[in-house]
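One-letter residues, chain by chain:
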Amino acid sequence: MDKSSKVPLYLQLMNEIIEKIEQETYEEHDKLPSERELCDMYKLSRITVRQALQELEREGYIYKLHGKGTFVSASSIEQNLVKLYSFTEEMKKVGKTPMTKVLSFKEIAIDTRIANKMGLEPLDEVFEVVRLRLADEQPLMYETSYLPKKWFPYLTKEKLMEKPMYDIFSHDYQVHVTRAIERFSATQLRETEAGYLNAPTQQPAMLIKRFAYHHEQLIEYTISVARGDKFDYTVELT
């Protein structure tokens, strides 16, 4: 550390640790030296080291496990929200192998709440599809989709296990997602979601509600819970 520099010491320490993470001296999920060890290594005060670690955690470079220490975070996936995207194609773009597990497939009559969101009548029949989305076998998203049966009358669980849902829409039904609206809000993982996502209950997560349209007709309403430590969402404003 250069104590004569105008750059604050905690920022210097942050940059030092980030450089080691980027050069893979510290790899994903490696345990970092303790606060005391970092103080000794860099001849810094406990307050300076703690501030650096707090900022690194806030920026997503590291995470803490109570009673176990501080660890290097897995790299997050950057998702651009400017245009339509599919999970499968986005994972392929960043060199990851996408996988989808169909956890549940049911034919249900929807209640008034969901009917109002989808522009349907209460008790209209829809398919409720619960899926787990993974990349390189790591669970990232827990999704529940509602699809009008009248648009996809012969949809089955087996078909959804064979190929991506949007491919089924276009190839089997000549229905294309021409636009979508997504709404984002902060949430915490509930017990069921946490179990499938291999994460602690109450961990911060992103709740995403997608309304997908074939021209003016709503054909999909999906509620996704994405691990907050695995995704960065980007919007470019001009």
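Residues numbered from 1 in each chain as written. Predicted model: local features only at pLDDT ≥ 70, side-chain atom pairs only at ≥ 80, totals over all residues. Heavy atoms only, no water.

**Q** Which parts of the structure should I look at to understand the overall build of the chain?
**A** Secondary structure summary: the chain contains eight helices and ten strands in total. Here the chain has a C-alpha radius of gyration of 22 Å; the compact-globule value for 238 residues is 18 Å, and the former is much larger. Dimensions of the chain, computed from the C-alpha atoms along their principal axes, are close to 70 × 40 × 30 Å. Across the 238 residues in the chain, those meeting the buried criterion constitute 40%. Across the chain, every contact between residues at least 6 apart in sequence was considered, and the portion connecting residues at least 24 apart equals 57%. In the chain, 33 side chains carry a positive charge and 38 a negative one; their mean positions are 3 Å apart. (Helix = DSSP H or I, 4+ residues; strand = E, 2+ residues; numbered from the N terminus. Rg over C-alpha atoms; globule rule 2.2 N^0.38 Å. Buried < 20%, exposed > 50% of the residue type's maximum accessible area, 1.4 Å probe, protein only. Contact = heavy atoms within 4.5 Å. Lys, Arg positive; Asp, Glu negative; His and termini not counted. Charge placed at Lys NZ, Arg CZ, Asp CG, Glu CD.)

**Q** Explanation requested: the nonpolar core in the structure shown.
**A** Where a protein is soluble and globular, its nonpolar side chains tend to be buried together. Within the largest apolar cluster, 17 residues are counted, with the highest numbers of intra-cluster contacts made by L13, I17, Y26, L32, V49, L53 and L56. Looking at this core, the elements with two or more residues in it are α1 (9-22), α2 (35-42) and α3 (46-58). If one sorts the elements of this core by residue count, α1 sits on top with five residues. Residues in contact with V49, not counting those within four places in the same chain, are L13, E35, L38, C39 and L44. (Core = buried A, V, L, I, M, F, W, Y, C linked by side-chain atoms within 4.5 Å.)

**Q** I tried to follow the packing of α1 against α3 on my own but got confused; where do I start?
**A** Helix-helix packing is described using two parameters, namely the angle between the two axes and the distance between the axes. The contact between α1 and α3 brings their axes to 8 Å, and the two run at 55°. In this view, α1 runs oblique relative to α3, as classed from their interaxial angle. Here the hand of the crossing between α1 and α3 comes out right-handed. Within the contact between the two elements, α1 uses L9, Y10, L13, M14, I17 and I18 and α3 uses T48, V49, Q51, A52, L53, E55 and L56. Each residue belonging to the contact of α1 with α3 can be placed in one class, and the counts come to ten nonpolar, two polar and one charged. (Axes fitted to C-alpha atoms, helices over the stretch in contact; angles between N-to-C directions. Parallel < 35°, antiparallel > 145°, perpendicular 65-115°, else oblique. Left-handed = near helix turned anticlockwise from the far one by under 90°. Nonpolar A, V, L, I, M, F, W, Y, C, P; charged D, E, K, R; others polar.)

**Q** Can you help me understand the packing of aromatic side chains in this one?
**A** Geometry of an aromatic ring pair is reported as the spacing of the ring centres plus the angle between the planes. In total, this model carries eight aromatic pairs according to the counting rule given. Between Y146 and Y221, the ring centres sit 6.1 Å apart and the planes meet at 20°, which makes this aromatic pair stacked. Residue Y146 is found in strand β6 (residues 138-148), and its partner Y221 is found in strand β9 (residues 217-227); the two are separated by 75 residues along the sequence. The exposure class assigned to Y146 is buried, which follows from its relative accessible area of 8%. Every member of this aromatic cluster is reached through a ring pair, and the members are F152, Y166, F169 and Y173. (Phe/Tyr/Trp six-rings, centres within 6.5 Å; stacked < 30°, edge-to-face > 60°.)

**Q** For this particular structure, what's the right way to read the side chain of E143?
**A** Checked against the element boundaries, E143 lands in strand β6. Side chain to side chain, E143 and S224 meet in a polar contact 3.2 Å long. With residues up to four places along the chain from it excluded, the contact list for E143 reads V129, V130, R131, R133, T222, I223 and S224. (Polar contact = N/O pair within 3.5 Å; in protein donor to acceptor, adjacent residues only side chain to side chain.)

**Q** Please clarify how the sheet that holds strand β4 (residues 98-109) should be interpreted in this entry.
**A** Working definition: the strands of a sheet are paired by backbone hydrogen bonds and lie parallel or antiparallel to each other. Ordered in space as β4-β5-β6-β9-β8-β7, the six strands form an open sheet in which the pairing is antiparallel. A single partner strand is all that each edge strand has here, and the edge strands are β4 and β7 (179-188). In this sheet, adjacent strand axes meet at a mean angle of 15° when their direction is disregarded. With ten bridges joining them, β7 and strand β8 (residues 204-214) adopt antiparallel strand pairing. Residue pairing for β8: R183 is matched across the bridge by K209. (Pairing = 2+ DSSP bridges.)

**Q** I'm lost on unusual backbone geometry in this one. Help?
**A** Backbone phi values are negative for most residues with the exception of glycine, while trans is the configuration of most peptide bonds. Of note, D136 is a non-glycine position whose phi angle comes to about 50°, a positive value. The topology assignment puts D136 in the loop between β5 (125-135) and β6. For E137, which is not glycine, the phi torsion reads 70° and is therefore positive. Relative to the helices and strands, E137 resides in the loop between β5 and β6. Its relative accessible area of 65% is what places E137 among the exposed residues.

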